[in-house]
Structure formats: C-alpha cells, structure tokens
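Coordinate analysis (summary)
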Amino acid sequence: MNIGIIALGSHEENHGAALPPDTDAQIAEYIAEKTAAQTDMEFLGVLKSAYEFPEINTGNHDSLDQVIADLKNQLRKAEKQGFEGILLVNAHGGNQELSDHLGDIARETDLVIKMDSTVCKIEGPHAGTGELSIGSVLGITDETKGTDHLNSEKYPEVGFVGFDKAREKYEWAEEHANEIIENGVKIDPQLGEKLLKISIENSVEKIRDLKSEIQL
C-alpha cells in the first residue's frame, strides 16, 4: 500500500524578530518527515505555494486557486508513481481553507486524501509562544531577539496585534492578539516538544485512517 506525505506551509511569511519567513514550511516538513519515519510511508516534499486569509497581511502568499492547482500537479505526479493515498501535513493557518476542496481534488486525482492541521490548532497565536517554542526545538528560533519580537510597530504580525482590520474581521485573531498583549511570549522547549509530539501522533493516526479507507 503506497501512501505519500506532503507538507504544507508558508515560505515568505513574516514571523517577528525571532523566527524565519519559512517557519511554517519547516514545521510542516519536520512533522511530515517524523510521521513518514514512524509509519514507513514516503515523504514527497513541501508544496511551494500557500494561501492566506484576507486582511492577514503577513507576507507573500498565493491565491487559493493557485494553491489548489499546484497541489493537483503534485498529486498527479504521486498518482503516476503508484501512490493510492496522500496525507497533507499542514502548519500554516491559511491553508486550512483547502479542507473544503479536498473532496473535489480527490475525485479529480483518484486518490484518497486526508489533511492534518493539528499544529495550527494547538500552537496558539501567530509567532507566539507555541511557534517560538517549536522553533527552539527545530533550531530556528533566535532566542536573543525575544524582546524585540514584541515590538508591535516593527512586527505587527506577532499575534496579529498590529493588524486592526484582521482583529475586527476574525474573532480568533482578536483572541490571539489579546493573549499576546496580556501574556507576552516565552520560549519553552518542553512545550515545543509536546506540541510536536501531539501533531506527529495525530498525523500517524491519519495514516491509519487512510490505510483503512484504501482497504475498503
């Protein structure tokens, strides 16, 4: 049974002073590779495009249509290579919009597809404590820039604190902003390890679900 794993992230997204622009892509790649290793499945790389919600002006992103087109191209290549199922491991919030289109994409590509965005749901505010802590585990967090990281004039994207329109438009964005304002951020490698462990476990479970569906 051939099941492939594709990582979804963002490659040019501002993450404050302490994290690189491809933070989400690196997190997704890490989770995908660990999941592949634990399930003996094959990691097929990271999708090169990413979508973001309106009013979340964090960097360079693509239209949803472009992301869907790029994903279909990668899936068709996987189908030609003999894969029957695909797990999409997503670490970028905007890409969760793809979940509403997976049924149509699966029918077009004749693949069984599942998506896991666990890390997006449990890491908390954008570029906040969760991502900083995961980044610490991955070795991509610059721990010398913690104070500057909270300068909302220079880095309005941290928790979306400086994104007034986004905070008005999305209730969750306002909640994330308030969490940053009230609690700040910290770097906790133990938390980072815990968040990654949960995310990998959920992706491994999705692989089991894929196997069951393919065998039906």
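An account of the accompanying structure is given in this report. Note that the coordinates shown come from a computational prediction; the quantities given were computed from them, not determined experimentally.

The rules we used
Here the residue index of a chain counts from 1 through its sequence in written order. Owing to the predicted nature of the model, reporting of local features is limited to residues with pLDDT of at least 70; listing and counting of side-chain atom pairs is limited to 80 or more, with chain, interface and lining totals taken over all residues. Hydrogens are left out, water is left out, and the side-chain values use all remaining heavy atoms of the structure. To qualify as a helix, a DSSP run of H or I must reach at least 4 residues; to qualify as a strand, a run of E must reach at least 2; elements of each kind are numbered from the N terminus. Here the globule rule reads 2.2 Å times residues to the power 0.38, and the radius of gyration is calculated from C-alpha atoms. For every residue, the accessible area obtained with a 1.4 Å probe (protein chains only) is divided by the maximum for its type, and the residue is called buried under 20%, exposed over 50%, and partly exposed between those limits. For this analysis, residues touch if any pair of their heavy atoms sits within 4.5 Å. Residue-level accessible areas treat just the shown protein chains as cover; the underlying method is Shrake-Rupley with a 1.4 Å probe. By the counting scheme adopted, Arg and Lys are positive, Glu and Asp are negative, and His together with the chain ends is not counted. Where a charge sits is defined by one atom per residue type, namely NZ (Lys), CZ (Arg), CG (Asp) or CD (Glu). What counts as an axis is a line fitted to C-alpha atoms, over the stretch in contact for a helix, and the angles between N-to-C directions run from 0 to 180 degrees. To sort the angles, those under 35 degrees are grouped as roughly parallel, those over 145 as roughly antiparallel, those from 65 to 115 as roughly perpendicular, and the leftovers as oblique. Crossings are assigned a handedness: left-handed for a near helix turned anticlockwise from the far helix by less than a right angle, right-handed for a clockwise turn. Residues are sorted three ways: Asp, Glu, Lys and Arg are charged, Ala, Val, Leu, Ile, Met, Phe, Trp, Tyr, Cys and Pro are nonpolar, and all the rest, Gly among them, are polar. Among buried residues, the Ala, Val, Leu, Ile, Met, Phe, Trp, Tyr and Cys ones that are joined through side-chain atoms within 4.5 Å form a nonpolar core. The working definition used for a salt bridge is a side-chain nitrogen of Lys or Arg within 4 Å of a carboxyl oxygen of Asp or Glu.

1. Brief notes about the overall build of the protein
Looking only at helices and strands, one finds nine helices and four strands in the protein. Listing every helix and strand of the protein by position from the N terminus yields β-α-β-α-β-α-β-α-α-α-α-α-α. Computed over the C-alpha atoms, the radius of gyration of the protein is 17 Å, within 12% of the 17 Å expected from 2.2 N^0.38 for a compact globule of 216 residues. Seen along its three principal axes, the alpha-carbon backbone of the protein occupies a region of about 50 × 35 × 25 Å. Residues counted as buried form 51% of the 216 residues belonging to the protein. Partitioning the contacts of the protein with sequence separation of at least 6, the portion at a separation of at least 24 is 76%. As presented, the protein carries roughly 10,300 Å² of accessible surface, and 41% of it is formed by carbon and sulfur atoms. Within the protein, one finds 20 positive and 41 negative side-chain charges whose respective centroids are separated by 4 Å.

2. Quick notes on the packing of helix α1 (residues 23–39) against helix α9 (residues 189–215)
Running from N to C, α1 and α9 point in directions that differ by 55°, and their axes come no closer than 9 Å. By the angle between their axes, α1 is oblique relative to α9. For α1 against α9, the interelement crossing comes out right-handed. From α1, Y30, I31, K34, T35, Q38 and T39 reach across to α9, where they touch L196, S199, I200, S203, V204, I207 and K211. Of the residues contributing to the contact of α1 with α9, the split by class is six nonpolar, five polar and two charged.

3. Comments concerning the environment of K48
With respect to the secondary-structure elements, K48 resides in the loop between β2 (42–46) and α2 (64–80). Spatially, the C-alpha atoms of K48 and I27 are 14 Å apart, while their sequence positions differ by 21 residues.

4. Looking at the nonpolar core
Counting residues in hydrophobic clusters, the biggest one holds 24 residues, and the most contacted among them are I5, I31, V119 and I207. With seven residues, the top contributor of residues to this core is α9. Beyond its immediate chain neighbours, meaning those up to four positions away, I31 contacts V89, V119, L196, S199, I200 and S203. By size, the runner-up hydrophobic cluster in this structure holds 20 residues, among which are L64, F83, L88 and A106.

5. A look at the pattern of salt bridges
In the structure shown here, the tally under the stated rule is nine salt bridges. Two residues, R76 and E108, come together in a salt bridge whose shortest N-O distance is 3.7 Å. Separated by 32 residues along the polypeptide, R76 in helix α2 and E108 in helix α3 (residues 102–109) bring together distant segments of the chain. Salt bridges sharing common partners tie together K72, R76 and E108.

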